[in-house]
Amino acid sequence: MDTIDRDILYSILDKDPKRASAYWFISMNVTDEPDTRRYSVETYGTDYIFRVRLDLGFKCHQRVNVYLRQIVRDLIESGELPPQERKYSIYGKSDVGSFKFVFLHKAVPSKSELSFLDELVLNTKYAIRRVAGSKVRWYGLDTSSLVVETVPFIVGGKTPRSSRLERVK
């Protein structure tokens, strides 16, 4: 709960800068108890950055969009979040603003510095995930405003000196 993944910050700041009144970083934890429904929130001392951890039992529906609206209402009632009023809506006035979910998909870049075996293992893992079904559906986001973004699975650090371009005058 103390840190935000590098991939998320890369998506917000570097890849395609995103602008919002509030940023919600959501992680899901499926518990061994069948009916668990609880959450915790870290605000980092702000009223616009929120790290939410959802603990849901294995029998509970993982409807992130529904749970997030409840969490926003709770935070507005407690005064931790200012009302996020929507200017236009067919449903009338609401203190809960609109949401756009960004789902990050990690991909192994071609010509990565991974060994053949490591690359094979990672690609097999991602193939199994594709066969297992869509996380977008699992989390109930298939009817929400959603952007699926691909970020590189970065293993190495700096580019080796031997593969750098040489400037010619």
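Only a predicted model underlies this, so the values are computations on that prediction, with no experimental measurement involved.

What about unusual backbone geometry?
Link 1 in the chain: A positive phi angle, near 55°, is found at Y44, a position not held by glycine.
Link 2 in the chain: The topology assignment puts Y44 in the loop between β2 (37-42) and β3 (49-57).

Section: the packing of aromatic side chains
Any two aromatic rings considered together are summarised by their centre-to-centre distance and by the angle between their planes.
Link 1 in the chain: Counted under the stated rule, the structure contains 2 aromatic pairs.
Link 2 in the chain: Consider the rings of W24 and F50, whose centres lie 4.3 Å apart with planes at 15°: the pair is stacked. Here W24 is found in strand β1 (residues 23-31), whereas its partner F50 is found in strand β3, with 26 residues between them in sequence. By the burial criterion, W24 is buried, and F50 matches it.

Comments concerning the pairing of β3
Link 1 in the chain: In terms of burial, β3 is a largely internal element, 7 of the 9 residues being buried.
Link 2 in the chain: Two elements, β1 and β3, share 9 bridges in a ladder whose sense is parallel. Residue pairing in the sheet places W24 in a bridge with F50 of β3.
Link 3 in the chain: One ladder, built from 6 bridges, connects β2 with β3; its direction is antiparallel. Residue pairing in the sheet places R37 in a bridge with L56 of β3.

Criteria and thresholds
- Residues numbered from 1 in each chain as written.
- Predicted model: local features only at pLDDT ≥ 70, side-chain atom pairs only at ≥ 80, totals over all residues.
- Heavy atoms only, no water.
- Helix = DSSP H or I, 4+ residues; strand = E, 2+ residues; numbered from the N terminus.
- Phe/Tyr/Trp six-rings, centres within 6.5 Å; stacked < 30°, edge-to-face > 60°.
- Buried < 20%, exposed > 50% of the residue type's maximum accessible area, 1.4 Å probe, protein only.
- Pairing = 2+ DSSP bridges.

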